[in-house]
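Spelled out, the chains give:
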Amino acid sequence: MNAKWFLAYATLLCGVVFLNPRLDASVESDIVGYTTIQMDAGKWYQVGNPFVELDDGTTPTLNSVFANGFSNGDQLYVLTDEGAYLPPRQWASLNGQTGWFNTANGQYDEDPLKVGQAVFISKQVAGTVTVKGKVSAQEVVTFGKPDSASWAQVVNVYPKACSVNDLTWDGMSAGDTLYIYDSSSGTYLPQRQWATIGDKTGWFNVADGSFDSQVIPIGQALFINKATGVASVQVKAE
């Protein structure tokens with residue numbers, strides 16, 4: 001799947017232009033934090049969960065992570081390992097249950113949501129969504145496939161604004177590309193490529209010819225095309 005085909009597919013699927021929100025996060029203590037996301041009605045937002053599950057050993061699910069501030073008719077899409085956004089989920093209240101309803105199997109979604117996984121969300125009514133969890137500077141997000149190219153949609157798992165080159169990347173190689181949605185232009189440009197130039201290695205901004213230093217907001221989702229192999233990302237220890 002090349003970048004041009006992928007972006008066209010994503011836009012065609014949802015029929016809208018995706019817009020990223022401004023996310024505000026606050027660390028309430030050494031272990032607990034929250035992120036509030038203001039969403040306008042009818043727009044699409046590409047967001048991620050920057051926290052791990054509060055209960056150690058518990059795997060987060062869609063209905064435990066994105067659980068506050070939604071109403072009937074809201075929509076959610078998760079990029080799968082196969083590169084698709086199906087099945088669609090809708091927020092619904094049925095038979096005494098409320099949450100993300102999997103329209104493919106007719107059940108409330110209990111699928112695990114990997115730490116750092118990002119999603120597309122559209123709300124029917126303007127409002128604020130709140131995501132809470134455990135702050136973990138040690139959490140590592142893995143992505144990619146051993147023997148083939150793959151797309152990943154990940155988010156920095158520590159609630160701190162930083163550049164992509166402030167994160168610790170392992171397993172990246174020449175040919176890997178990264179895209180960050182720019183809400184002002186409605187595009188994923190500029191493209192970043194993993195490169196080694198001189199004694200420096202990291203994400204290289206092909207538009208301005210420099211290693212990328214643009215600060216990305218808390219919860220910003222990243223699209224990564226991994227040419228081959230498995231890689232990981234982690235916030236740098238301070």
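Nothing here was measured: the structure is a model prediction, and the numbers come from that model. (Residues numbered from 1 in each chain as written. Predicted model: local features only at pLDDT ≥ 70, side-chain atom pairs only at ≥ 80, totals over all residues. Heavy atoms only, no water.)

### A word on the overall build of the protein chain
Within the protein chain, the regular secondary structure consists of two helices and 18 strands. Across the 238 residues of the protein chain, 46% fall into the buried class. Counted over contacts in the protein chain with a minimum sequence separation of 6, partners at least 24 positions apart contribute 69%. As presented, the protein chain carries roughly 11100 Å² of accessible surface, and 50% of it is formed by carbon and sulfur atoms. (Helix = DSSP H or I, 4+ residues; strand = E, 2+ residues; numbered from the N terminus. Buried < 20%, exposed > 50% of the residue type's maximum accessible area, 1.4 Å probe, protein only. Contact = heavy atoms within 4.5 Å. Areas by Shrake-Rupley, 256 points an atom, 1.4 Å probe, with all protein chains shown as cover.)

### Quick notes on the packing of aromatic side chains
According to the stated counting rule, one finds 14 aromatic pairs in the structure shown. Plain terms: the ring middles of Phe204 and Phe211 are 5.4 Å apart, the flat faces sit at 80 degrees to each other, and that makes the pair edge-to-face. Overall, the relative accessible area of 17% leaves Phe204 in the buried class. An aromatic cluster is defined as three or more aromatic residues linked by ring pairs; in this entry it consists of Tyr85, Phe120, Trp151, Tyr179, Tyr188 and Phe223. (Phe/Tyr/Trp six-rings, centres within 6.5 Å; stacked < 30°, edge-to-face > 60°.)

### Things to note about unusual backbone geometry
For the peptide bond that leads from Leu86 to Pro87, omega is 0 degrees, which places it in the cis range. Following the sequence through the fold, Pro87 ends up in the loop between β4 (75-78) and β5 (89-94). That bond from Leu189 to Pro190 is cis: its omega, 5 degrees, falls within 30 degrees of zero. Of note, Pro190 is situated in the loop between β13 (177-179) and β14 (192-197).

### Notes on the sheet that holds β13
Backbone hydrogen bonds are what pair the strands of a sheet, in a parallel or an antiparallel way. Read from one edge to the other, the open sheet built from six strands follows the order β11-β17-β13-β14-β15-β16, with strand pairing classed as antiparallel. At either end of the open sheet lies a strand with only one pairing partner, and these are β11 (150-155) and β16 (210-211). (Pairing = 2+ DSSP bridges.)

### A short note on the pattern of salt bridges
As enumerated under the stated definition, the model contains six salt bridges in all. Across the pair Asp109 and Arg89 runs a salt bridge, and its minimum N-O distance is 2.4 Å. Note that Asp109 is positioned in the loop between β7 (107-108) and β8 (118-122) and Arg89 in strand β5, a separation of 20 residues in sequence. You'll find Asp109 and Arg89 in the same group, each marked buried. (Salt bridge = Lys/Arg side-chain N within 4 Å of Asp/Glu carboxyl O.)

### Comments concerning the sheet that holds β4
If you walk across this open sheet you meet the six strands as β3-β8-β4-β5-β6-β7, and the pairing is antiparallel. Where the open sheet ends on each side, the last strands, each with one partner, are β3 (44-48) and β7. With two bridges connecting them, β4 and β5 associate as antiparallel partners. Across the sheet, the residue bridging to Leu76 is Arg89, located in β5.

### Some thoughts on the side chain of Thr177
Mapping Thr177 onto the fold places it in strand β13. Those residues within four positions of Thr177 in sequence are excluded, and the remaining contacts are Gln191, Arg192, Gln193, Trp203, Phe223, Ile224 and Asn225.

Any functional reading would require information that these geometric values do not contain.
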